[in-house]
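Residue-level listing of the chains:
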Amino acid sequence: MNRFLFLLFPIMLFACSQKSEHSTEAGSLETLFKLPAKMKEVSGIALSQDKKMIWAIEDHGNKSNVYGISLETGKHIATVKINAENNDWEDITTDRRGNFYIGDFGNNNNDRKDLCILKIQLDSGLTQTPVLQKTEFYYEGQMDFPPKKSEWLYDCEGFVEMNGAFYLFTKNRSKNFDGTFLVYRVPDQSGNFEAKLIGKLQLPGSYNNAAVTSAALSPDGRTIALLTHKNIYLLTGFSENDFSTTHIRKVPLQTNTQKEALVFENSGTLLVADEKDKSNGGNLYRFRF
């Protein structure tokens, strides 16, 4: 197992350099089934409370629907319309009380001023559901919309809910990509908030190796999984307001499809979904670690 110190760069209120550890090992994906043909651009998945199906969303340009898919058969069994616009839905997550949250924070050009998280309830017997809470936010540190292309760090495709707050992991779209991403904290409340910067981390490699496309929190709350097109990164050792002590475990997945969604099935298993292109992807996978 290789180890090396993982440098964190100073930013805003961070007074000194911060470090995290990093390790690497190999992994593989087990294909469970093809996703329904109509779902070509799945951008986030969440597990139902009974763990018998996943709820899936799609991103910009698709309907404001959440789709229920049986984990046993892979069949589409429910469609729930959300009474909100799909500006760019990039991830879906849950809290311990059984609420679901949709991250409408896709920001490819780093120029959006209407970023938000939508709280909803989902059930296979529903055909539509209202938004129960809308959490609007803006990023600490972003002064221009858009900033210069060397500072395009304000897109987001992955988040989790933990202990009454949302944790956002941004997607780097900067010129001269170097794997840097930001970690922000936003209260799980209705209102408009400044997202507080609590970490600046870096993943190794090219865009497909290191651009974050989804996030998931383990059942015990001790591990956060980050997804890229080619890897899973398991984060441990963080605290609620500080990610400077984070240990990052890299797991190469040996494939290079457009993976955009993941969720913990249990403490040792992740489910991963990728988008469908002309010849590849459009599957749900299981990954054990």
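Being a predicted model, the structure only gives us computed values, none of them experimental.

Criteria and cut-off values
Residues numbered from 1 in each chain as written. Predicted model: local features only at pLDDT ≥ 70, side-chain atom pairs only at ≥ 80, totals over all residues. Heavy atoms only, no water. Helix = DSSP H or I, 4+ residues; strand = E, 2+ residues; numbered from the N terminus. Rg over C-alpha atoms; globule rule 2.2 N^0.38 Å. Buried < 20%, exposed > 50% of the residue type's maximum accessible area, 1.4 Å probe, protein only. Lys, Arg positive; Asp, Glu negative; His and termini not counted. Charge placed at Lys NZ, Arg CZ, Asp CG, Glu CD. 1 Å grid on protein atoms, 1.4 Å probe; cavity = no way out; pocket = protein on both sides within 12 Å on 5 of 7 lines; lining within 4 Å. Points joined across faces, edges and corners; volume = space filled by probe spheres on them. Nonpolar A, V, L, I, M, F, W, Y, C, P; charged D, E, K, R; others polar. Core = buried A, V, L, I, M, F, W, Y, C linked by side-chain atoms within 4.5 Å. Salt bridge = Lys/Arg side-chain N within 4 Å of Asp/Glu carboxyl O. pLDDT = per-residue confidence, 0-100. Contact = heavy atoms within 4.5 Å. Pairing = 2+ DSSP bridges. Axes fitted to C-alpha atoms, helices over the stretch in contact; angles between N-to-C directions.

### Let's talk about the overall build of the chain
Next up, step 1: For the chain, the count of helices and strands is one helix and 23 strands.
Next up, step 2: Its C-alpha atoms give the chain a radius of gyration of 18 Å, near enough to 19 Å, the size a compact globule of 289 residues would have.
Next up, step 3: When the backbone C-alpha atoms are referred to their principal axes, the chain occupies close to 50 × 45 × 35 Å.
Next up, step 4: Looking at the 289 residues of the chain, the share that counts as buried comes to 58%.
Next up, step 5: If the 33 positive side-chain charges of the chain are averaged to one point and the 35 negative ones to another, these points end up 4 Å apart.

### Topic: the layout of surface pockets
Next up, step 1: Taken as a whole, the largest pocket spans an internal volume of roughly 650 Å³.
Next up, step 2: Considering the residues around the largest pocket, the lining is formed by 31 residues, among which Thr94, Asp95, Arg96, Leu217 and Pro219 are closest to the centre.
Next up, step 3: Looking at the lining of the largest pocket, the elements with two or more residues in it are β4 (42-47), β8 (89-94), β13 (155-162), β17 (214-217) and β21 (259-266).
Next up, step 4: Broken down by element, the lining of the largest pocket gets its largest block of residues, four residues, from β21.
Next up, step 5: For the lining of the largest pocket, a count of residues per class yields 14 nonpolar, ten polar and seven charged.
Next up, step 6: Taken as a whole, the second largest pocket spans an internal volume of roughly 200 Å³.

### Details of the nonpolar core
Next up, step 1: Within the largest apolar cluster, 20 residues are counted, with the highest numbers of intra-cluster contacts made by Tyr167, Phe169, Phe181, Ile224, Leu226, Leu235 and Phe243.
Next up, step 2: Of all the secondary structure elements, the ones that give two or more residues to this core are β13, β14 (165-171), β15 (180-187), β16 (191-202), β18 (224-227) and β19 (231-236).
Next up, step 3: No other element matches β14, which puts three residues into this core.
Next up, step 4: Tyr101, Tyr154, Cys156 and Tyr184 belong to the second-largest nonpolar core, a separate cluster that totals 18 residues.

### Here we look at the pattern of salt bridges
Next up, step 1: Scanning all chains against the criterion turns up eleven salt bridges.
Next up, step 2: Note that Arg97 is salt-bridged to Asp188, the shortest N-O span being 3.7 Å. Of this pair, Arg97 sits in the loop between β8 and β9 (100-104) while Asp188 sits in the loop between β15 and β16, and the two are 91 residues apart along the sequence.
Next up, step 3: The network of salt bridges with shared partners includes Asp155, Glu157, Lys171 and Arg173.

### Describing the confidence of the model for the chain
Next up, step 1: Per-residue confidence for the chain gives a mean pLDDT of 92, with 91% of residues at or over 70.
Next up, step 2: The model gives residues 1-19 a pLDDT under 50, and that stretch makes 53 contacts with residues more than four places away or in other chains.

### Digging into the sheet that holds β13
Next up, step 1: In spatial order, the strands read β8-β9-β10-β12-β16-β15-β14-β13; together these eight strands make up an open sheet with mixed pairing. Of all strands in the sheet, those with a lone pairing partner are β8 and β13, marking the two edges. Averaged over all pairs of adjacent strands, the angle between their axes in this sheet comes to 30°, without regard to strand direction.
Next up, step 2: Summarising the sheet, β15 and β16 pair through six bridges and their orientation is antiparallel. In the strand pairing of β16, Val183 is matched with Gly199.

### What about the pairing of strand β5 (residues 53-58)?
Next up, step 1: The element β5 is extensively covered by neighbouring structure, given that six of its six residues are classed as buried.
Next up, step 2: Of the two faces of β5, the one lined by Met53, Trp55 and Ile57 and the one lined by Ile54, Ala56 and Glu58 are each fully buried.
Next up, step 3: Of the pairings in the sheet, the one linking β4 to β5 comprises five bridges and is antiparallel in character. Residue pairing for β5: Ala46 is matched across the bridge by Trp55.
Next up, step 4: Here β4 folds back onto β5 in antiparallel fashion, the turn holding five residues, of which Lys51 has a positive phi close to 60°.
Next up, step 5: Both β5 and strand β6 (residues 65-70) contribute to a ladder of four bridges, which runs antiparallel. Residue Ile54 lies in a different strand from β6, and its bridge partner there is Ile69.
Next up, step 6: Connecting the antiparallel pair β5 and β6 is a turn made up of six residues, with Gly61 showing a positive phi of about 95°.

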